Amino acid sequence: MSDATADARAEAPSPAPATHPTGMPRTLPGGIGPARAEDPTWCLVLGDAATGLDDAAIGVAEALLCLADGAIGTRGVLEDRPPGATPAVLAAGLYQEAPEVGEALLGLPGWCALDLPGALPAGRRVLDLRDGVLTRVATGLDGTLVSARFACIARPGVTVMAAELGDWARGEPSRTSPPVVIRSSLGGGAVSTMVSTVHEGPAPRLERIAVTVASGRRLPPVSRAARRLAEARRLGASGLLAEQRAAWAARWATGDVEVVGDPALTLAARFALFHLRSSARPAAEVAVGARGLTGPAYAGHVFWDTDVFVLPALAATDPPLARALLGYRLRRLPAARARAAAEGRRGARFPWESARDGRDVTPRRGIDQHGETVPIRTGDLEEHVTADVAWAAWTFATWTGRWSFLEGPGRPLVIEPARYWASRIRRDQQGRAHIDGVIGPDEYHEGVDDNAFTNIMARWNLRRAADLADRAGPASPEAAEAQTWRELADALVDGYDRTTGRYEQFAGYFGLEPLVAADLGRVPCPADLILGPARLGRSQIVKQADVLMAHHLVPEEVAPRSLEPNLDYYLPRTVHGSSLSPSVHAALLARAGRAETALELLRLAAAIDLEDLTETTAGGLHLANLGGIWQAIATGFAGLRPGGPGAAALVVDPVLPNAWEELRLRLRWHGRVVRLTCRPEAVFVGCDRPLDVVVRGRVARVRPPGSWVE
Ligand code: IFM
């Protein structure tokens, strides 16, 4: 029996009561399958049967309850389309021309609307992360609506809804909607079709199966949508539900987090993994925007968020999804090469914001809080993304053990950025190497020289490219360049002061106005709005992890024992003005052994979307933060990283806060399925094939089904 099947059985529902305490019947609406008992570590619950939501809360709920399959995402819209709703169906990689932002994800026809006599309260909605089924019980207008819907991850593009409609069924005829064709002005497009079947009788119910096929390259044929619909109809809603439950059970069997003693954090971590894996699918490429398919913010543009924050969680739980993210970058290498060439450089320069074809689509202007037009310079200056893409390719190989990827198709993702840096770096008269005029992750300081993070990442990139050239032997095309890459890497300044153990964030940073975050108020806070960009740029206030980001991504590239002095210095200066910040600090605080402070930052990260902490969740979930939550737990608290000879062993080095009884993780490592139970005194390592581990410094070979390593 496969692990997946075993898990599906283990999670089979126990006998359900006649009616659920929450009003949900013991079967899902329309009897399409058994309802599962609600579990607070798996179920996100919003509202109660009779409550309404204000406009802001409607948008937040739409993002939180988005159902996606990596191809198509449907926000958690209410079936009765109340005012204030922003219904949206989005397709990965399908962009259209858009004013101001150049290209934006194209909105597609919705499939959830019901013809009800008016707007109901939002009611009680439950997203069950075990199987991705979203249920709603809403009472009003002299009746109760009970609905369930899901996006079929085993058949991307197919979505299902079942609803019990009572007397309202009279307004809802059975119908097959003719295919709707939507074309993008950039080429490509989508075809949507659906069939709704109303079953009359004492308990009238509706069953709907919808299909959306989409492509950013060429308009899919209508026949494809029709064929997919016919295939799905053959299984019917019940069959599709059974398939869905097995597919999600298989995912959870190889990627899960449980914090025993903290059900809210367990739910937050599972919520993160659920939406991360809903954002991609196994395919030649998937464009994962900063908000995935959960909302329109940032126009669906792809940032470093995808390479550095989203990819690690996928590489460690569902490698084909991570590979699809790299496929997106690989297919846009020609555009990255063209940009480097246009700037008189060699190699490839990846864009800060990317959409359909890999050209830079960062908006050039924005509007500030006074209504003034201000320039946006990240597209020109935030160059570290080029090294971040190389880091993503390397991380995929180290977590999956697939060095063949780096020696084969993924090779240019490391080599071409290194060539770019080699042609970008300036040597001074003393031979020191510099990178002038950039923006680091801390976007509050623009046009700075020798940003430590950028330089350290470029150095790391040059060294890894040289390693790859060495592995290929002296006859490799890069062998002659490798020596230059190493020399340049050694010559790059990084602002490290060995007397204090601190890195200067960029040349001149230590001389800026010594403000700290506490001077501005409680974090997170928008320091740009409080101080204004000019004063902010002259101050030491930091938006998000910058120097510390290097400690997080490439600890082997920073000075030994430099984590603590830099945490002590930069954390008080950081306002977490970006959602990418708290989780990275949580991870690093855990690595520094400060488990309780790390937990505070992790809770902050968990609240960003679940509590709409920055009032931006309605535009979509912050996917980088969701990836950061996984990293904080896996690489921070559990201390996972590659190690041992050839980086082939899994290092486990847990640091647990007092409130946690156990930290349990399921993940994939080098083709194995690994189950970890981390306790203060020992770690259980479960595996399906022999596995080398280094637990708290102790080297061990673990054989299936696993053993405790003390
Ligand atoms: O990529 C991030 C950046 O680091 C901070 N501003 C938002 C971007 C998209 O999430």
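Residues numbered from 1 in each chain as written. Predicted model: local features only at pLDDT ≥ 70, side-chain atom pairs only at ≥ 80, totals over all residues. Heavy atoms only, no water.

(A) Inspection of helix α19 (residues 595-610) at higher detail. With 16 residues, α19 should cover 22 Å at 1.5 Å per step; its first-to-last C-alpha distance of 22 Å lies within 8% of that length. Regarding α19, the residues found buried are Ala595, Ala598, Leu599, Leu601, Leu602, Leu604, Ala605, Ala606, Ala607, Ile608 and Asp609. Buried positions along α19 lie against α2 (55-64), α4 (263-278), α18 (581-591) and α20 (623-637). Within two residues after α19, Asp612 carries a phi angle of roughly 45 degrees, on the positive side. (Helix = DSSP H or I, 4+ residues; strand = E, 2+ residues; numbered from the N terminus. Expected span 1.5 Å × (residues − 1). Buried < 20%, exposed > 50% of the residue type's maximum accessible area, 1.4 Å probe, protein only. Contact = heavy atoms within 4.5 Å.)

(B) Inspection of the site of the ligand at higher detail. Around the ligand sit Ala290, Tyr298, Phe303, Trp304, Asp305, Trp352, Glu443, Lys543, Gln544, Ser578 and Leu580, and that is every residue in its neighbourhood. With respect to the ligand, the side chain of Trp304 contributes an N or O atom lying 3.0 Å from an oxygen atom. Note that an oxygen atom of the ligand is positioned 3.1 Å from one of the side-chain N or O atoms of Gln544. Bound to the protein, the ligand loses 92% of the 280 Å² it would expose on its own. (Near = heavy atom within 4 Å. Polar contact = N/O pair within 3.5 Å; in protein donor to acceptor, adjacent residues only side chain to side chain. Areas by Shrake-Rupley, 256 points an atom, 1.4 Å probe, with all protein chains shown as cover.)

(C) Representation of the sheet that holds strand β24 (residues 672-678). With antiparallel pairing, the five strands of this open sheet are ordered in space as β14-β23-β24-β25-β28. Every interior strand has two partners, whereas the edge strands, β14 (256-260) and β28 (706-709), have only one. For this sheet, the mean angle separating the axes of adjacent strands, direction not counted, is 15 degrees. Bridging between strand β25 (residues 683-687) and β28 involves four bridges; their strand directions are antiparallel. Directly across from Gly686, in β28, lies its bridge partner Gly706. (Pairing = 2+ DSSP bridges. Axes fitted to C-alpha atoms, helices over the stretch in contact; angles between N-to-C directions.)

(D) Broad picture of the nonpolar core. By size, the foremost hydrophobic cluster in this structure holds 174 residues, and its most contacted members are Trp304, Leu640, Leu663, Leu676 and Val685. Trp304 has contacts with Phe309, Arg329, Trp352, His384, Val385, Asp388, Pro441, Phe453, Gln544, Met549 and Leu580, leaving out every residue within four places of it along the chain. Among the nonpolar cores identified, the runner-up in size contains 25 residues, and Ile72, Leu106, Leu114 and Leu116 belong to it. (Core = buried A, V, L, I, M, F, W, Y, C linked by side-chain atoms within 4.5 Å.)

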